[in-house]
Each structure stands twice: as structure tokens, then as C-alpha cells.
Amino acid sequence: GGGGEPPRHILNAGITNATATMDNAKLAIAASGNIMLNLVLVYGLEYFIYPGLADRETYCASGSWFMIMWACYNVGVTVSRLSVAVFQTQNVWGLTVFQFCNVVGWTVEVFWGGIRSLPGGYWIMSAWMLLVGLCGGASYANCIVLFNQDDSIPDHLRELGMNLSFFLSNVGISIATLSFTVLNRTIFEPSILYPSGC
């Protein structure tokens, strides 16, 4: 093979990763907080849609529609995580804003029901769920690429930043999922969403 610079993982082979102390955590947040926040938000938004809003959208449908949406969501996530091998973006905020728009759209649909009442409406919603998965997976994969390649993150803080992100993402997922224990008994109560019943 020719000369040139060795791959980054070889260059960083001698790096000692920062230990998980409060001071190092502050440094990692300062260096990669933008990426962390994107991961937390996109995961929280994703889980607000599925299972939260998807459960309310399919409340009067046959049980298979909730599972079809789960499958579409997971296909979208898987395909988009693979996409970074072909296409990468540093604009992860664009993906996060798009996922927020998905939450707004799904929320409107859950109350309005205009799409689900169309012929083939649940197929349209399943395609939309595929898009939700694509957006979430693309954001995740591109954030991981940024953690590994962004020159503004000191090498010794990369792993700690990723670990903090995964921890905080799980907090976001838990908040989004647990919020439906309250929302399903209040504004997303079936008697409100489906006043005439199923």
C-alpha cells in the first residue's frame, strides 16, 4: 500500500481515556454537549412517538397495526444507521428539528384522526413511522460519527462523552415513555380521542 496518514483509530491507539469524575464529565459536556443534547432529544422525541403516540393512534385499530408500526420504525432505524457508510451530515440539529416536527404532526393526527380514517390510512401512518425511524437512526449514527471524528472534542474525552450521552439518552427515553402513564389518563384519554367510541 501507499504512504499517507494512518487511520484515526491507529493514531489514537495510545490515548488514555478520561475517567468518569465530575470534573471530567464537565469537560466532556463542554466539548461535546451539542452532540449529547441531540442524542437525548432525538431519542426522547422518538419514544414519544413510538410507543406513546402510536398506541393512541392505533387504539381502535386491530392489534396488528401497533406491531406493524413497530416493525416499520425498526426497519427505518436499521436502514438509516447503515446510511452513514454512504452519506454523513454534521447537521444533526436538522434531524432533531425534523423529529420534533414528526412529534407535532403525530400529535395533531392522534387528536384529529384525518389520516387514519382514510382508506389505507394505517398504511400511510406506517410509512410515516418508517420516516420516524429513519430520522432517529440517522441522527444516532451521525452523532456517533461526530463523537469519533469531530476535531473539537479532545481524544481523551470522546469515550466519556459517548457514555454520558447513552446514559442521558436513557433518561430521555424513560421520561418520554413514562410521561404516557399520565398523558394516557388525561389529554390522551381514549374518551377524549375517540368520543364516539371505536
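Described in the following lines is the structure provided in the data block. Quick caveat, the model's predicted, so the values are computed rather than measured.

## With respect to the overall build of the protein chain
Link 1 in the chain: The helix and strand inventory of the protein chain stands at seven helices and zero strands.
Link 2 in the chain: Counting helices and strands in the order they occur from the N terminus, the protein chain gives α-α-α-α-α-α-α.
Link 3 in the chain: Dimensions of the protein chain, computed from the C-alpha atoms along their principal axes, are close to 70 × 40 × 25 Å.
Link 4 in the chain: Looking at the protein chain residue by residue over its 198 residues, the buried ones come to 43%.

## Considering the nonpolar core
Link 1 in the chain: Within the largest apolar cluster, 27 residues are counted, with the highest numbers of intra-cluster contacts made by Phe-48, Leu-53, Met-69, Trp-106, Met-129 and Phe-188.
Link 2 in the chain: Broken down by secondary-structure element, the contributors of at least two residues to this core are helix 2 (22–57), helix 3 (63–82), helix 4 (92–112), helix 5 (121–149) and helix 6 (158–183).
Link 3 in the chain: Residues Ala-28, Ile-35, Tyr-140 and Phe-147 belong to the second largest nonpolar core, which totals 19 residues.

## Quick notes on unusual backbone geometry
For residues other than glycine, phi is negative in most cases, and the peptide bonds are mostly trans.
Link 1 in the chain: Tyr-50 connects to Pro-51 through a cis peptide bond whose omega is 20 degrees.
Link 2 in the chain: Position of Pro-51 relative to the elements: it lies in helix 2.

## Some remarks on the packing of helix 5 against helix 6
Link 1 in the chain: Two elements in contact, helix 5 and helix 6, have axes separated by 9 Å at closest approach and are oriented at 155 degrees. By the criterion of interaxial angle, the relationship of helix 5 to helix 6 is roughly antiparallel. Crossing hand, helix 5 versus helix 6: right-handed. For the pair formed by helix 5 and helix 6, the contact residues are Tyr-140, Ile-144, Leu-146, Phe-147, Asn-148 and Gln-149 on the first element and Arg-158, Gly-161, Met-162, Ser-165 and Phe-166 on the second.
Link 2 in the chain: The residue inventory of the contact of helix 5 with helix 6, partitioned by class, reads six nonpolar, four polar and one charged.

## Concerning the state of the cysteines
Among covalent bonds in proteins, the disulfide is the one between the sulfur atoms of two cysteines.
Link 1 in the chain: This structure, assessed with the given rule, holds one disulfide.
Link 2 in the chain: The side chain of Cys-60 participates in a disulfide bridge whose partner is Cys-198; the two sulfur atoms lie 1.8 Å from each other. Residues Cys-60 and Cys-198 are joined by a disulfide whose S-S torsion is about -70 degrees; by sign, that bridge is left-handed. Of this pair, Cys-60 sits in the loop between helix 2 and helix 3 while Cys-198 sits in the segment after helix 7 (190–193), and the two are 138 residues apart along the sequence.
Link 3 in the chain: For Cys-60, a relative accessible area of 27% puts it in the partly exposed group.
Link 4 in the chain: You can see Cys-101 has no disulfide; the closest cysteine sulfur is in Cys-135, sitting 9.2 Å from it.
Link 5 in the chain: With a relative accessible area of 4%, Cys-135 lands in the buried category.

## Re the environment of Phe-66
Link 1 in the chain: Mapped onto the elements, Phe-66 comes out in helix 3.
Link 2 in the chain: With relative accessibility at 23%, the residue Phe-66 sits in the partly exposed group.
Link 3 in the chain: C-alpha separation for the pair Phe-66 and Gly-137, spaced 71 residues apart in sequence, amounts to 20 Å.
Link 4 in the chain: Beyond its immediate stretch of four places on either side in the chain, Phe-66 contacts Tyr-50, Pro-51, Ala-54, Asp-55 and Thr-58.

## Comments concerning the pattern of salt bridges
Link 1 in the chain: In this structure the tally under the stated criterion is three salt bridges.
Link 2 in the chain: Ionic pairing is found between Arg-56 and Asp-55, a salt bridge with its closest N-O pair at 2.7 Å.
Link 3 in the chain: What makes Arg-56 buried here is its relative accessible area of 8%.
Link 4 in the chain: A salt bridge links Arg-116 to Glu-57; the nearest nitrogen and oxygen atoms lie 2.6 Å apart. With Arg-116 in the loop between helix 4 and helix 5 and Glu-57 in helix 2, the pair connects residues that are 59 residues apart, well separated along the chain.
Link 5 in the chain: Overall, the relative accessible area of 11% leaves Arg-116 in the buried class.

Rules and cut-offs
- Think of each chain on its own: its residues are numbered from 1, step by step along the sequence as written.
- In keeping with the model being predicted, local features are shown solely for residues with a pLDDT of at least 70 and side-chain atom pairs are shown and tallied solely at 80 or more, while totals for entire chains, interfaces and linings include all residues.
- Water and hydrogen atoms play no part in the side-chain values, which are based on all heavy atoms of the structure.
- Numbering goes from the N terminus for both helices and strands, where a helix is a DSSP run of H or I of at least four residues and a strand is a run of E of at least two.
- Residue burial is assigned from relative accessible area. The probe radius is 1.4 Å, only protein chains are included, and a residue is buried under 20% of its type maximum, exposed over 50%, and partly exposed in between.
- Buried Ala, Val, Leu, Ile, Met, Phe, Trp, Tyr and Cys residues that are joined via side-chain atoms within 4.5 Å together make up what is termed a nonpolar core.
- Geometry is summarised by axes, namely lines fitted to C-alpha atoms with helices restricted to the contacting stretch, and by angles between N-to-C directions that run from 0 to 180 degrees.
- In these notes the angle categories are as follows: under 35 degrees is roughly parallel, over 145 is roughly antiparallel, 65 to 115 is roughly perpendicular, and the rest is oblique.
- For any helix crossing, the convention is left-handed if the near helix is rotated counterclockwise from the far helix by under a right angle, and right-handed if that rotation is clockwise.
- In this description, contact between two residues means that some pair of their heavy atoms is separated by no more than 4.5 Å.
- Side-chain classes are defined by residue name, with Ala, Val, Leu, Ile, Met, Phe, Trp, Tyr, Cys and Pro counting as nonpolar, Asp, Glu, Lys and Arg as charged, and the others, Gly among them, as polar.
- Throughout, a disulfide means two cysteine sulfur atoms within 2.5 Å of one another.
- Any carboxyl oxygen of Asp or Glu within 4 Å of a side-chain nitrogen of Lys or Arg constitutes a salt bridge here.

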